[in-house]
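Okay, here's what each chain looks like letter by letter:
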Amino acid sequence: MAAVEFRNVSKRFADGTEAVRNLNLAIHDGELVALVGPSGCGKSTVLRLLAGLEEPSAGEILLDGKVVNRIGPRQRNIAMVFQNYALYPHMTVRDNLAFPLRMRRTPRKIVARKIADIAGILNLRELLDRRPGQLSGGQKQRVAMGRALVRNPSVFLLDEPLSNLDAKLRAQIRADISSLQKRLARTTLYVTHDQVEAMTLGDRIAVMERGELHQVGTPAELYRRPRSIFVARFIGNPGMNIFPASVLRDKDGTWRLRTGHWDIPLPPEKLPRGGSPEALQSIRAGLRPESFGPTPGDGTVPCAVRATATEFLGHETLVYFHIPGAQGSTPLAARLPGHMTLPEPAAELHIHPSALYLFGGDGILLR
Amino acid sequence: MRCGNVFARVAAYLILSGMALVFLIPVAMMVSGSLKPDHLVLPEAGRLVKLLPTEPTLENYRDVFARVPFARYMVNSIFITGTIVSCGLLVNSLAGYALSRLHWRGRKAVLTGVIALIILPLEAIAVPLFYEVTLFGWRNTYLVQIVPFIANAFSVYLFYTFFLELPEELEEAARIDGARPIRIFFSIVAPNSQPVFAAVAILTFLTQWGSFLWPLMVTHSESVRPLPLGIALFYTLPPLQWGDIFAFGVMMVLPMLMVFLLFQRWFVQGVASTGMKG
Ligand SMILES: Nc1ncnc2c1ncn2[C@@H]1O[C@H](COP(=O)(O)OP(=O)(O)O)[C@@H](O)[C@H]1O
Ligand SMILES: [Mg+2]
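All residue numbers refer to position in the chain's written sequence, counted from 1. Going through the entries in the order they are written, you letter the chains from A and number the ligands from 1. This being a predicted model, a pLDDT of at least 70 is required before a residue's local features are given, and a value of 80 or more before pairs of side-chain atoms are given or counted; all residues contribute to the totals for chains, interfaces and linings. Side-chain calculation: all heavy atoms of the structure are included, whereas hydrogens and water are not.

*Asks:* Outline helix 6 (residues 122-136) of chain B, listing residues and values.
*Replies:* All names here are of chain B. Bend is computed residue by residue as the angle between axes fitted to the seven residues ending at the residue and the seven residues starting at it. Helix and strand assignments follow DSSP, with helices taken as H or I runs no shorter than four residues and strands as E runs no shorter than two, numbered in order from the N terminus. At P128, helix 6 shows its largest bend, some 35°. Inspection of helix 6 places A126, L129 and V133 among the buried residues, and these make up the whole buried set. Contacts: residue pairs with any heavy atoms within 4.5 Å of one another. The inward-facing, buried residues of helix 6 abut helix 7 (143-146) and helix 12 (213-218). Note on helix 6: the residue one or two positions beyond its end, G137, has a positive phi of about 70°. Burial here depends on accessible area, computed with a 1.4 Å probe over protein chains only, as a share of the maximum for the residue type. Under 20% is buried, over 50% is exposed, and the range in between is partly exposed.

*Asks:* I'd like a rundown of the side chain of A:R256, residues and numbers included.
*Replies:* Residues and elements named next belong to chain A. For R256, the position within the fold is in strand 12 (residues 255-259). Its relative accessible area of 17% is what places R256 among the buried residues. Definition of a polar contact: a pair of N or O atoms within 3.5 Å, with one able to donate and the other able to accept a hydrogen when the atoms are protein atoms, and with sequence-neighbouring residues admitted only if both atoms are side-chain atoms. Of note is the side chain of R256, whose polar atom sits 2.7 Å from the side chain of D263. Apart from the residues within four sequence positions on either side, R256 is in contact with S246, V247, L248, D250, D263, I264, P265 and L266.

*Asks:* Talk me through the site of ligand 1; I want residue IDs and the actual numbers.
*Replies:* All names here are of chain A. Whether a residue is near a molecule or strand depends on its heavy atoms: if one lies within 4 Å, it is near. In the vicinity of ligand 1, the contacting residues are F13, D15, T17, A19, P38, S39, G40, C41, G42, K43, S44 and T45. At a separation of 2.6 Å, an oxygen atom of ligand 1 approaches a polar side-chain atom of S44. Accessible surface is estimated by sampling points in the Shrake-Rupley manner with a 1.4 Å probe; for residues, cover comes only from the protein chains shown. Computed on the free molecule, ligand 1 has an accessible area of 560 Å², of which 62% lies beneath the protein chains in the complex. Considering each element in turn, the shell around ligand 1 owes the most residues, three residues, to helix 1 (residues 43-51). Of the residues assigned to the shell around ligand 1, the class counts are four nonpolar, six polar and two charged. Each residue is assigned to one of three groups, with Ala, Val, Leu, Ile, Met, Phe, Trp, Tyr, Cys and Pro labelled nonpolar, Asp, Glu, Lys and Arg labelled charged, and all others, Gly among them, labelled polar.

*Asks:* Pulling in residues and values, what's your account of the nonpolar core?
*Replies:* Only buried residues count toward a nonpolar core, which is a set of Ala, Val, Leu, Ile, Met, Phe, Trp, Tyr and Cys residues joined through side-chain atoms within 4.5 Å. If you look at the biggest cluster of nonpolar residues, it comprises 77 residues, and the most contacted ones within it are A:F6, A:L50, A:L157, A:L189 and B:F248. Those residues in contact with A:L189 that sit more than four places away from it in its chain are A:I27, A:V33, A:L35, A:V46, A:L47, A:L50, A:F156, A:L157 and A:L158. If you look at the next biggest cluster of nonpolar residues, it comprises 33 residues, including A:L32, A:V81, A:L128 and A:A148.

*Asks:* Could you give an account of the sheet that holds strand 6 (residues 78-81) of chain A, naming the residues involved and the relevant values?
*Replies:* Residues and elements named next belong to chain A. Overall, mixed pairing links the six strands, which are arranged 6-7-8-3-9-10 in an open sheet. Strands with a single pairing partner mark the edges of an open sheet, and in this sheet they are strand 6 and strand 10 (212-217). Averaged over neighbouring strand pairs, the angle between their axes works out to 15° when direction is ignored. One ladder, built from four bridges, connects strand 3 (residues 32-36) with strand 9 (residues 204-209); its direction is parallel. Two strands form a pair only when DSSP identifies at least two bridges running between them. For every element, the axis is a line fit to its C-alpha atoms; helices are fit only across the contacting stretch, and the angle between N-to-C directions ranges from 0 to 180 degrees.

*Asks:* An account of the interface of chain B and chain A is requested, with residue identities and associated values reported.
*Replies:* Across the contact, 17 residues belong to chain B and 23 residues belong to chain A. The largest share of the area that chain B buries against chain A comes from B:E169, B:I176 and B:D177, three residues that together contribute 38% of it. Salt bridge, as used here, is a side-chain nitrogen of Lys or Arg placed within 4 Å of a carboxyl oxygen of Asp or Glu. Taken together, the connections running from chain B to chain A amount to three salt bridges. As a salt-bridge pair, A:R48 and B:E172 come within 2.8 Å of each other at their nearest N and O atoms. Secondary-structure elements contributing two or more residues to the side of chain B that touches chain A are helix 9 (169-176) and helix 10 (181-189) of chain B. We define buried area as the total accessible area lost by two parts upon association, computed with a 1.4 Å probe and summed across both.

*Asks:* Summarise the environment of A:K114; cite the residues concerned and give the values.
*Replies:* Residue and element names in this part refer to chain A. Residue position: K114 is located in helix 4 (residues 108-122). Placed 17 residues apart in sequence, K114 and L97 show a C-alpha to C-alpha distance of 9.1 Å. Filtering out sequence-adjacent residues up to four positions away, K114 remains in contact with L101, V150 and N152.

*Asks:* Give me the pattern of salt bridges: which residues, what numbers.
*Replies:* Taken as a whole and judged by the stated rule, the model has 24 salt bridges over all chains. As a salt-bridge pair, B:D177 and A:R151 come within 3.8 Å of each other at their nearest N and O atoms. Here B:D177, found in the loop between helix 9 and helix 10, pairs with A:R151, found in the loop between helix 5 (137-149) and strand 7 (155-159), and the two come from separate chains. Three or more residues joined by partner-sharing salt bridges are found here, namely A:K11, A:R48, A:E54 and B:E172.

*Asks:* Before we move on, could you go through the packing of aromatic side chains and cite the residues and values that matter?
*Replies:* Aromatic ring pairs are described here by two measures, namely the spacing of the ring centres and the angle between the planes. Each Phe, Tyr or Trp ring (for Trp, its six-membered ring) is paired with any other whose centre lies within 6.5 Å, and the angle between the two planes then decides the class: stacked below 30 degrees, edge-to-face above 60, tilted in between. Considering all chains together, one arrives at 23 aromatic pairs over all chains under this definition. Ring geometry for B:F185 versus B:F186: centroids 5.1 Å apart, planes at 85°, classification edge-to-face. For B:F185, a relative accessible area of 2% gives the class buried. By relative accessible area, which is 40% here, B:F186 ends up partly exposed. In this arrangement the basic side chain of A:R147 is found over the ring face of A:Y88, its NZ or CZ atom lying 4.4 Å from the centre. Its guanidinium or amino end placed over the ring of A:Y223, A:R288 lies 4.2 Å from that ring's centre, counting from NZ or CZ. Only Lys NZ and Arg CZ are tested; either one counts as a charge over a ring when it is within 6 Å of the ring centre and within 35 degrees of the ring normal.

*Asks:* Can you break down helix 4 of chain A residue by residue, with the values?
*Replies:* Residue and element names in this part refer to chain A. Along its 15 residues, helix 4 runs 21 Å from first to last C-alpha, staying within 8% of the 21 Å computed at 1.5 Å per residue. Listed as buried for helix 4 are V111, I115, I118, A119 and L122. Looking straight down helix 4, one finds that the buried residues subtend no more than 105° of arc, so they occupy a single side. Of the residues in helix 4, the exposed ones pointing more than 90 degrees away from the buried face are K109 and R113. As for helix 4, its buried residues are in contact with helix 3 (93-102), helix 5 and helix 6 (167-184). Just downstream of helix 4 lies N123, where phi reads positive at about 60°. The length a helix should cover is 1.5 Å for every residue beyond the first. It is the directions from the helix axis to the C-beta atoms that the arc portrays.

*Asks:* Run through the domain arrangement of chain B, naming residues and quoting values.
*Replies:* For interface size, the figure often reported is the accessible area lost on association. Residues and elements named next belong to chain B. As assigned here, chain B comprises domain 1 (2-57) and domain 2 (68-277). Here the bounds of each domain stem from an automatic or database domain assignment. The centre of domain 1, based on its C-alpha atoms, is set 31 Å off from the matching centre of domain 2. Tallying the contact residues gives eight residues for domain 1 and nine residues for domain 2. Both sides together, the interface formed by domain 1 and domain 2 hides about 720 Å², and carbon and sulfur atoms give 78% of it. By the criterion of area lost to domain 2, the three top residues of domain 1 are M30, S34 and D38, representing 60% of everything that side buries. Our count for the domain 1 to domain 2 interface comes out at zero salt bridges. Inspection of the region where domain 1 meets domain 2 yields one residue pair in polar contact (both at pLDDT 80 or more). The biggest single contributor to the side of domain 1 that touches domain 2 is helix 1 (residues 2-34), with five residues. Residue classes in the side of domain 1 that touches domain 2 are distributed as five nonpolar, two polar and one charged.

Take a look at the structure:
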């Protein structure tokens, strides 16, 4: 068991690419942190830094309070599941599982026992004498997990472990990992570009973009209070709708959000603090697709929409629409329950003004 | 499209078969000559119609063993070449691995040196090398025929380029699993590099098996001399019997064929089973 801390860690490669910039992140003992972000944002580099495969260009990496910058992977007792599994192709599954134990001079008897244990947990018993080439993707994935878990690592790293699997298998193994993590409670850094995996598996989620950490928090925190447009779009499926709008004050003193034909009174908790009137003229507003309702409710405001497409998904319907009178070409999305077709292109949806998010021109959340 | 394909394939097979014939006919003539009585070997050589010996005999083979210490030469050749090949595989692959994967001071300079040495032929260094081994007192030994040829720049370079292309992930996995570089090399890298080991083994074997100039310079007794010097001995033993030379040639080529077939299978298997490219 171990705690991990990154302190002002940067990584610049020899070719000048700055893959990680000034990273500060703490992973508590037994916690699973999901590191998410689009491809190329530096997630794998963070893992490799922690594993000791790369050396940071600046900053410190701490394992249980000790700086490990100059300590090689061998001494860190960290295990890693690679994106392509990196199983040793010339060894049987049994030998793959035994390799990390043998490297630590584990007595033969104990090796056999540990392999039996892990094979039981991960359901690998029938596969022990096969080679990686004779396994399916899901089986390879389980062997890779087994090889990482078999030696009781203090920290467990996974690099997009499900990205090479088909959707159904992915959901199943995701559930397996989740229950395994509940049982074993390993300090884990789980890299993924899939927000569903991050939301379902992470005790906390760290969102990265272009080498920088945007926000760290529990799934609920990130969903409710995204610090930036980037996080708001990334979390949720589909992500938050973002559209240009202006905030102005009426003659009667109420604040209103206007865009196209929409005119929404802002509740007190959404009032912008400070900010010049010009800046308020061009802010960006956000609404989650699930904030729209088909019928009026308590305190809701009707919003005219021009629907362009609907997607029926069985338990819900996704409606894509434009705001009448507003410029901007990307349609917004609304998630409506059940099977729903909007009667005509011009229809109305209802929102609660408190569901609104306001972002400044720099993309940072205002209210 | 289809027709074109078939035509192209037929043409390719014809050309390849033609080339195979060009290379095989001399070998066939050698075998055939070795089975003919001495007086017929030279007159019939080069006449395809006489390829099949009319009265085949094993007399030439008997002569080879009677007139020169063939078994001795064969043992010497096998020992010398075998040692060079096996030590060479070990030394050169380790060097190639150190150049391709480990980080150390002067790596670039050494790599440049290795590449520069590839083009240096033995003939260019034979004389200074001769003085050197004389100084060591190594002349007329096995050692002098083995040691200078173990480390080989071209082999190092072949290993180096192959290892560069191997996916690094396996080695990283092994590092995380707690393996040290030497262990990674023997347990992970080498087993997944059969093609390059086979290629280097074949190449080294072929060059060393036929080595003539160097053994001629540094040895003088039959007890340590290899096969190529043995075959040359016939030219100094009157009467000049071509049948014997052909028989000697056949027996000298056989191990080459065996080594090639052995490693070639390994070579193909290696490519197929690891599924690694490059
Ligand atoms: N060894 C390397 N040398 C140079 N650039 C690299 C190296 N490894 C990764 N990068 C670059 O660093 C950035 C982050 O890469 P990576 O951490 O693999 O992203 P992710 O895992 O989030 O997709 C990318 O722009 C990538 O091209
Ligand atoms: Mg990656």
